[in-house]
Each structure stands twice: as C-alpha cells, then as structure tokens.
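Structure assessment
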Amino acid sequence: MATTSLEAKPVALSTAFAVLHDARRELRLAADNSIELAEKLAAGAIRFARKVVGHLDDAAGEVLARAEHAIATGVQDGRERAQAAAA
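Residues numbered from 1 in each chain as written. Predicted model: local features only at pLDDT ≥ 70, side-chain atom pairs only at ≥ 80, totals over all residues. Heavy atoms only, no water.

A short note on the overall build of the protein chain
Broken down by element type, the protein chain carries 1 helix and 0 strands. Relative to its length of 87 residues, the protein chain is extended, with a C-alpha radius of gyration of 37 Å against a globular reference of 12 Å. Overall, the C-alpha framework of the protein chain stretches about 125 × 10 × 5 Å when taken along its three principal axes. Out of the 87 residues belonging to the protein chain, those deemed buried represent 0%. Summed over its atoms, the accessible surface of the protein chain is roughly 7,800 Å², and 66% of this surface lies on carbon and sulfur atoms. Of the side-chain charges in the protein chain, 11 are positive and 12 negative, and the distance between the mean point of each set is 4 Å. (Helix = DSSP H or I, 4+ residues; strand = E, 2+ residues; numbered from the N terminus. Rg over C-alpha atoms; globule rule 2.2 N^0.38 Å. Buried < 20%, exposed > 50% of the residue type's maximum accessible area, 1.4 Å probe, protein only. Areas by Shrake-Rupley, 256 points an atom, 1.4 Å probe, with all protein chains shown as cover. Lys, Arg positive; Asp, Glu negative; His and termini not counted. Charge placed at Lys NZ, Arg CZ, Asp CG, Glu CD.)

In structure tokens, the structure reads:
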C-alpha cells in the first residue's frame, strides 16, 4: 500500500502542475486579448477624435466665411449710404 501511495503522489503532482500551466496559458491569452482590445479601442477613439476635429474645423471655417461676407456687405452698405448722404 505504501508503494501505491508513493506512485500516486507524482501523478497527482504532475496533474496539478499541468493544470497550473493550462491556467497560466489561458491567463496569458486573456491578457494578450485585453491588450489587443485596448489598442483597437484607443485607435478607434483617435479616429473619432480626428473626425470630430475635422467637423469642428469645417464648421468654424464656414462661420468665419459667413462672418467675413456679412462684415464686407455691411461695410459696402455703409459706404453706399455715406456716399448717398453726401450727395
């Protein structure tokens, strides 16, 4: 009986270490996948931020163009009224 007990311990120990190695591999895979997901999310956030900046820049350009046109029109109207009043 002592022989069977001694033989069972190495098998149980070997099985326990095999399970621990499998758990380590699964944890490593989960960590790698988490890092990959974080990279993809960060890349997506950067693409989104670039699009937002582009839309804001387009809107600001349009506002400035309209403001420039409104001011130029106002100045031209002012000149015409001043010339009409002087005449």
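Section: a nonpolar patch on the surface
A cluster of nonpolar side chains, namely Leu13, Phe17 and Leu20, defines an oily patch on the protein surface of about 320 Å² accessible area. Inspection of the secondary structure puts Leu13 in helix H1 (residues 2-86). (Patch = residues over 30% accessible without salt bridge, like charges linked within 9 Å, V, L, I, M, F, W, Y side chains within 5 Å. Salt bridge = Lys/Arg side-chain N within 4 Å of Asp/Glu carboxyl O.)

Quick notes on the pattern of salt bridges
Enumeration according to the criterion identifies 4 salt bridges in this entry. Note that Arg28 and Asp32 form a salt bridge whose closest N and O atoms lie 3.1 Å from each other. In this pair, Arg28 and Asp32 are both assigned in helix H1, 4 residues apart and thus about one turn of the helix distant. When the shortest N-O distance is used, the salt bridge between Arg66 and Glu62 registers 2.9 Å.

Side note on the environment of Val11
When you line up the elements, Val11 lands in helix H1. When the C-alpha atoms of Val11 and Lys40 are compared, they prove to be 43 Å apart, with 29 residues separating the residues in sequence.

A closer look at the environment of Ala31
In this structure, Ala31 sits in helix H1. Since its relative accessible area comes to 36%, Ala31 is described here as partly exposed.

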